[in-house]
There are 2 protein chains.
Amino acid sequence: MMHAVIMAGGSGTRLWPRSRKKQPKQFHSLTGENSLLQDTVSRLAPIMDREHVNIIANKSHTKQIREQLSELPLSNVVAEPIARNTAPAVGTMAVVLQERDPDAIMLVLPADHYISKGDDFMRVLNFAEEVIKSDPECLLTLGIKPTYPETGYGYIEIGHVFKSSDSDEVFWVKSFKEKPDLATAEHYVASWKYVWNSGMFVWKCSTILDLFAKHAPEIYKGLMEYKAALGTPEEEEAFQKVYKDLPSISVDYAIMEKAEKVLVMPADIGWSDIGSWAALHDLLSTEDDGNVVIGKHVGVDTHNSLIHAGNKLIATVGLDNMIIVDSGDVLMICPKGRSQDVKALLDKLEEQGCGEYL
Amino acid sequence: MMHAVIMAGGSGTRLWPRSRKKQPKQFHSLTGENSLLQDTVSRLAPIMDREHVNIIANKSHTKQIREQLSELPLSNVVAEPIARNTAPAVGTMAVVLQERDPDAIMLVLPADHYISKGDDFMRVLNFAEEVIKSDPECLLTLGIKPTYPETGYGYIEIGHVFKSSDSDEVFWVKSFKEKPDLATAEHYVASWKYVWNSGMFVWKCSTILDLFAKHAPEIYKGLMEYKAALGTPEEEEAFQKVYKDLPSISVDYAIMEKAEKVLVMPADIGWSDIGSWAALHDLLSTEDDGNVVIGKHVGVDTHNSLIHAGNKLIATVGLDNMIIVDSGDVLMICPKGRSQDVKALLDKLEEQGCGEYL
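Every value quoted in this text rests on a predicted model; they were computed, and no experiment measured them. (Residues numbered from 1 in each chain as written. Chains lettered and ligands numbered in written order. Predicted model: local features only at pLDDT ≥ 70, side-chain atom pairs only at ≥ 80, totals over all residues. Heavy atoms only, no water.)

Draft legend 1. Main features of empty space enclosed by the protein. In total, this model carries two cavities of 30 Å³ or more according to the counting rule given. Every residue lining the largest cavity is listed: B:Thr40, B:Arg43, B:Leu109, B:Pro110, B:His113, B:Ile115, B:Phe121 and B:Met200. Volume-wise, the second largest cavity comes out at about 30 Å³. As for the second largest cavity, its lining consists of A:Thr40, A:Arg43, A:Leu109, A:Pro110, A:His113, A:Ile115, A:Phe121 and A:Met200. Looking at side-chain class alone, the lining of the second largest cavity contains five nonpolar, two polar and one charged residues. (1 Å grid on protein atoms, 1.4 Å probe; cavity = no way out; pocket = protein on both sides within 12 Å on 5 of 7 lines; lining within 4 Å. Points joined across faces, edges and corners; volume = space filled by probe spheres on them. Nonpolar A, V, L, I, M, F, W, Y, C, P; charged D, E, K, R; others polar.)

Written as structure tokens, this is what we have:
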């Protein structure tokens, strides 16, 4: 049986000032009515009951998760006492799910991605589950065909075909590549042999736990301590204690890059990680003038801009390719081409001791 | 004796959204702690008692005037029941002041101009008073030496010298010129024979009233009706009735351009009418990075910009020559070169029935 684990611990700093420490990106509605997290859960409805959808997130956000997803069983939301990257989160959920279902297959999904082609996504997931069922010692990762030489993502080099269906192909992973420089990214895109690493995975819980034992014994030891306490009065206390001592490391780095049987399945599913205001603008821009307007706006000669208003009317003259976001106590303005540099603003605010704005 | 008449009836639309119908430009602090109106009054202190400072403004603003200038005698604030441009306002004040002081000399000043060289301004006004005292049939206007070919001002062509002091010269006016096109303005500036019409005037009350009789008999008739009621129980009622029937026309057009004995005194007094956000930026820009910041701002690669924050932090990346104004329920953003087009925004808002933002 496949169980989803939605990783909702991200901080989404590049969508500041809408995304804040207290309410990161995944809890916001950026593309429609529902939050990205709500969309991530709803998207799975055709192939999975709510009982099989699990979320792991920082404990400071569990209240928001319960509010946004009141229909989820209480025990399906796991609260990290502290942020520890993806390896400890994946390991914890593998322990929990295997206890619940010894043959559990785990689907790992980030909470804050956008996927426009929901039907294709379901087809891809069904085939992924089929592959893992028939070859339970493999790890499978979903890859996204690159459309431009992004330097902010990891890439996966594709090897030989492993298995295929009428619509999809699964390949052996030849190698994982760290975030490249622009020239390298251009080469990757041009070669047609690389896909973006989407952070979406499918594997058997027992398999990933075996690989933790082999490649990340320090984490495995903690996980087994936690496993031993499951169902006892000490369960919660053990979890708190163990989790804090786990190293902060990604599952890619701790396991995937070291494992032998790793597969990649390129997925054409209308994917975006909405990694910047510019990306959101690209995603939503449909009007003739290229503007994306949320809230009240009056414009003269204003084009190709993202205008995200709060309570105030935003009035603009003579703007092109600008990002304007009014959110809470902050108003942020930058040209679309600089939207990755929002991070530099956050660094500056932190430097100046203005943490209340982060 | 010289009496000041400060014309505070302007609407200052080009400094929207800070300047609003309910609280126009002159009531705001734009260049320092005090409002432009308060500065206009304070500036006169070295040469004039408060008792000789008078203000005429729309009745909807008299409360703000009393709050900002509590030390002014109550009767020195005259409330126009309706906006009627400068000729009716000047005529009314001439009637009032002449009644108070038959030899009254009237100094007309806009309420919303900026003057950096206060001492020079006082010297100029003293000499202007001296000229009018010795030649009481003349009208004198202060001119500003143009520093660039502004197309938004009227120009005055300078004739022969009429009188001079060690520091100042008064000339005959050769002609008044309407707002020119750019080529004409460039010619005016290059020729050194033209000055900007500042809207600051000095004349005897009796002289300007005689000229109303001659050149604007319709207005004069109304003024005399009002004069007849002065000091009677019907004074206020007469004023209300008369004022509404007066034509809306500028004193330049009604009198100055028709009068024969008109003088102009070029005044080097660090003048600006703060006619746009760009003008305010020019006035206040002293920092190395060319930014003028009021309120809370954090910037990365932000230069030559005016950032007028309200309660929110304004965060900017990669901006140059931008105007950002957060005021009340509106946030306005435009490149510095487009700051004259704020008016187009107001037109659009009016069109869309969004008058609450004006």
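Draft legend 2. Spatial organisation of the interface of chain B and chain A. Each partner contributes residues to the interface: chain B has 33 residues there, and chain A has 33 residues. For the pair chain B and chain A, the summed buried surface comes to about 2,800 Å²; carbon and sulfur atoms form 65% of the total. In this structure, the connection of chain B to chain A is made through four salt bridges. With a shortest N-O distance of 2.4 Å, A:Asp326 and B:Lys312 are connected by a salt bridge. Taken together, the connections running from chain B to chain A amount to 20 residue pairs in polar contact (both at pLDDT 80 or more). Contributions of two or more residues to the side of chain B that touches chain A are made by strand 13 (297–303), strand 15 (313–320), strand 16 (322–327), strand 17 (330–335) and helix 11 (342–351) of chain B. Among the elements that line the side of chain B that touches chain A, the one with the most residues is strand 15 of chain B, at seven residues. For the side of chain B that touches chain A, the class distribution of residues is 20 nonpolar, five polar and eight charged. In terms of strand pairing, strand 17 (residues 330–335) of chain A meets strand 15 of chain B through four bridges, oriented parallel. Its bridge partner lying in strand 15 of chain B, A:Val330 is registered against B:Leu313. (Contact = heavy atoms within 4.5 Å. Buried area = accessible area lost by both parts, 1.4 Å probe. Salt bridge = Lys/Arg side-chain N within 4 Å of Asp/Glu carboxyl O. Polar contact = N/O pair within 3.5 Å; in protein donor to acceptor, adjacent residues only side chain to side chain. Helix = DSSP H or I, 4+ residues; strand = E, 2+ residues; numbered from the N terminus. Pairing = 2+ DSSP bridges.)

Draft legend 3. The sheet that holds strand 14 (residues 306–308) of chain B, seen in detail. The six strands are arranged 13(A)-15(A)-17(B)-16(B)-14(B)-12(B) in an open sheet whose pairing can be described as mixed. One side of each edge strand has no neighbouring strand; the edge strands of this open sheet are strand 13 (297–303) of chain A together with strand 12 (292–294) of chain B. When strand polarity is set aside, the average angle formed by the axes of neighbouring strands in this sheet is 5 degrees. With respect to the sheet, helix 11 of chain B is in contact with strand 13 and strand 15 (313–320) of chain A together with strand 17 of chain B, its orientation differing from that of strand 13 of chain A by roughly 130 degrees. (Axes fitted to C-alpha atoms, helices over the stretch in contact; angles between N-to-C directions.)

Draft legend 4. Here's a closer look at the packing of aromatic side chains. All names here are of chain A. A complete count under the given rule lists 20 aromatic pairs over all chains for this structure. Ring geometry for Tyr155 against Tyr188: centres 5.0 Å apart, planes inclined by 50 degrees, an arrangement best described as tilted. Residue Tyr155 is located in strand 7 (residues 155–164), and its partner Tyr188 is located in helix 5 (residues 182–191); the two are separated by 33 residues in the primary sequence. Each member of the pair Tyr155 and Tyr188 is classed as buried. Considering the side-chain rings of Tyr226 and Phe239, the 5.0 Å spacing of their centres and the 40 degrees angle between planes classify their relative orientation as tilted. Placement of Tyr226 in helix 7 (residues 217–229) and of Phe239 in helix 8 (residues 235–245) is noted, with a sequence separation of 13 residues between them. Among the aromatic residues, ring-to-ring pairing joins Tyr148, Tyr153, Trp196 and Trp271 into one connected group. Lying across the ring of Tyr253, Lys258 places its NZ or CZ 6.0 Å from the centre. (Phe/Tyr/Trp six-rings, centres within 6.5 Å; stacked < 30°, edge-to-face > 60°. Buried < 20%, exposed > 50% of the residue type's maximum accessible area, 1.4 Å probe, protein only. Lys NZ or Arg CZ within 6 Å of the ring centre and 35° of its normal.)

Draft legend 5. Quick peek at unusual backbone geometry. That bond from A:Trp16 to A:Pro17 is cis: its omega, 10 degrees, falls within 30 degrees of zero. Of note, A:Pro17 is situated in the loop between strand 1 (2–7) and helix 1 (36–42). The backbone phi angle of A:Ile274 is positive, close to 45 degrees, even though this residue is not glycine. Inspection of the secondary structure puts A:Ile274 in the loop between strand 11 (271–272) and helix 10 (277–284). Unusually for a residue other than glycine, B:Asn321 sits at a positive phi of about 55 degrees. Take B:Asn321: it is sitting in the loop between strand 15 and strand 16. Residue class for B:Asn321 comes out partly exposed when judged on its relative accessible area of 33%.

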